[in-house]
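# Descriptive analysis of the structure
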Amino acid sequence: MAGPTDILTAIQNGVVALNNFGQQVKGSFLNISSQLTTLQAAPAITAGPWTVWNPTVVPQAGAFGSASATGAYYAIGKLVHFTVSITVSSVGTAANGMSISLPIGTANRNAAVVAEESVAVGFVGYGRITTGTTTIAAIAKYDNTTYISTGAVVNLTGIYEQT
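Just so it is clear, the model here is predicted, and its values are computed rather than measured. (Residues numbered from 1 in each chain as written. Predicted model: local features only at pLDDT ≥ 70, side-chain atom pairs only at ≥ 80, totals over all residues. Heavy atoms only, no water.)

Let's shift gears to the overall build of the protein. Assigned secondary structure in the protein consists of two helices and nine strands. Its helices and strands in sequence order give the protein the pattern α-α-β-β-β-β-β-β-β-β-β, from N to C terminus. In the protein, which comprises 163 residues, the proportion classed as buried is 31%. Restricting the contact set of the protein to residue pairs at least 6 apart, pairs at least 24 apart contribute 59%. Accessible area for the protein stands at about 9,300 Å²; split by element, carbon and sulfur atoms hold 58% of it. (Helix = DSSP H or I, 4+ residues; strand = E, 2+ residues; numbered from the N terminus. Buried < 20%, exposed > 50% of the residue type's maximum accessible area, 1.4 Å probe, protein only. Contact = heavy atoms within 4.5 Å. Areas by Shrake-Rupley, 256 points an atom, 1.4 Å probe, with all protein chains shown as cover.)

This part takes up a nonpolar patch on the surface. A surface patch of nonpolar side chains, about 250 Å² in accessible area, is lined by Ile76, Leu79 and Ile159. Structurally, Ile76 is set in strand β3 (residues 66-76). When its relative accessible area of 36% is taken as the criterion, Ile76 is described as partly exposed. (Patch = residues over 30% accessible without salt bridge, like charges linked within 9 Å, V, L, I, M, F, W, Y side chains within 5 Å. Salt bridge = Lys/Arg side-chain N within 4 Å of Asp/Glu carboxyl O.)

As a further point, take the packing of aromatic side chains. By convention here, two paired aromatic rings are described through the distance between centres and the angle between planes. Taken as a whole and assessed by the stated rule, the structure comprises four aromatic pairs. A ring pair is formed by Phe82 and Tyr160, whose centres lie 6.1 Å apart and whose planes are at 55 degrees; its orientation type is tilted. Here the residue Phe82 occupies a position in strand β4 (residues 79-90), and Tyr160 occupies one in strand β9 (residues 153-161), the gap between them amounting to 78 residues. Tyr160 shares its class with Phe82; the two are buried. Ring-pair connections join several aromatic residues into one group, and the members of that group are Trp53, Phe82 and Tyr160. (Phe/Tyr/Trp six-rings, centres within 6.5 Å; stacked < 30°, edge-to-face > 60°.)

By the definition in use, this model includes one salt bridge. The salt bridge involving Glu161 is made with Arg109; its shortest N-O contact spans 2.5 Å. One end of the pair, Glu161, is in strand β9; the other, Arg109, is in the loop between β5 (95-101) and β6 (111-117), with 52 residues separating them in the sequence.

As a further point, take the side chain of Gln162. Position of Gln162 relative to the elements: it lies in the segment after β9. When near neighbours in sequence (up to four residues on either side) are disregarded, Gln162 contacts Ala75, Gly77, Lys78, Val80, Ile104, Gly105, Thr106 and Asn108.

What follows is the structure, encoded as structure tokens:
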């Protein structure tokens, strides 16, 4: 019967298959070394560089005096991860929630987006991505009140599946 050292050596060399008793199983061969080498050589799944995205900010009512958005996204297959900051420089007649376009594609399913205001108010909130749409809509504070105020900077991040 083979001891622990023999079993380890056999497995490392990838030349034999052993049963539970440490005995060589005739006619069965493992090639673990080459399998490990193949796995180690396989490329990692990476997103690559983020792509810059500058969506237009649209209020649910009225019009902004001045508002802008800048963000970035990356896609792995149909999965899109994004982050974007919306800056309200001048409210104008804008009211209620806001919306922006998705960076790419059409949403394949509903998704929620996390939001937080980092300058003027500091409240957390949300945005909604609805199946079949190309927008992040209803961007608002946790209590459904508006983020729209002069100087507000709203940061959003999320993940969605595109069609």
